[in-house]
Amino acid sequence: KNEVEQSPQNLTAQEGEFITINCSYSVGISALHWLQQHPGGGIVSLFMLSSGKKKHGRLIATINIQEKHSSLHITASHPRDSAVYICAVRSGKLIFGTGTRLQVFP
Amino acid sequence: ETGVTQTPRHLVMGMTNKKSLKCEQHLGHNAMYWYKQSAKKPLELMFVYSLEERVENNSVPSRFSPECPNSSHLFLHLHTLQPEDSALYLCASSPRQGFGEKLFFGSGTQLSVL
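Residues numbered from 1 in each chain as written. Chains lettered and ligands numbered in written order. Predicted model: local features only at pLDDT ≥ 70, side-chain atom pairs only at ≥ 80, totals over all residues. Heavy atoms only, no water.

A cis geometry characterises the amide bond from A:Ser7 onward to A:Pro8, with omega recorded as -10°. When you line up the elements, A:Pro8 lands in the loop between β1 (4–7) and β2 (10–14). Residue B:Thr7 is joined to B:Pro8 through a cis peptide bond whose omega torsion reads -10°. Positionally, B:Pro8 belongs in the loop between β1 (4–7) and β2 (10–13). Despite not being glycine, A:Ala76 has its phi angle at roughly 50°, a positive value. Mapping A:Ala76 onto the fold places it in the loop between β8 (69–74) and β9 (83–91). Here B:Lys40, not a glycine, exhibits a phi torsion of approximately 60°, which is positive. Position of B:Lys40 among the secondary structure elements: in the loop between β4 (31–37) and β5 (44–50). (Helix = DSSP H or I, 4+ residues; strand = E, 2+ residues; numbered from the N terminus.)

Here it is in structure tokens:
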């Protein structure tokens, strides 16, 4: 069993929908990262957080350290949000989840 | 554009070939990384360099040989690879090597070993 689990594995949505991607982990961490990987392969770091909540545009990331859980929310989703979203936790080293593939249709 | 450039974008090689992957960053970062991403598996850290010194080698087979001639360039030399080595190889950099550092990734090299 992977130390970082993401759900769902795949997600489809209509443009404009509110989207939530979940990440649960089983190890002690110093930070959690949310990454976005587009079909071309390149990965962009969206958030790095160790407590509370961060917001950037239509993206919101939250973390609950006690429950070992983080969520990534996308408000007013758009087809250009289609990508794989990867959760990674810093526990000495970085441990990655397998990603959530999101497709947003017009 | 993250500031980390990888070449080539795609590579097909036979098991007896020797090839090299190149990564370049001009962000002034001191740490560089090689990751492997296989289908439906989490990213796997292969090597970490900090100030041109290898600081981490995660049990990677010797057919993968990294080289960091300076803090802006990182290479991954490949020889006698196996078909199971087919994957996306991602380079990343960060200001320093250590906890809490944000990673900047390149677009990757999609490698196919025939």
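Back to the text.
Residues and elements named next belong to chain A. Here strand β4 (residues 31–37) lies mainly inside the structure; seven of its seven residues are buried. A two-sided burial pattern is seen for β4, the buried positions comprising Ala-31, His-33, Leu-35 and Gln-37 on one face and Leu-32, Trp-34 and Gln-36 on the other. Relative to β9, β4 is paired through seven bridges, and the arrangement is antiparallel. Looking across to β9, one finds that Ala-31 is bridged to Arg-90. Where β4 and strand β5 (residues 43–49) come together, six bridges link them in antiparallel fashion. Opposite Trp-34, over in β5, you have Phe-47 as the bridge partner. The loop that links β4 with its antiparallel partner β5 comprises five residues; one of these, Gly-41, has a positive phi angle of about 110°. (Buried < 20%, exposed > 50% of the residue type's maximum accessible area, 1.4 Å probe, protein only. Pairing = 2+ DSSP bridges.)

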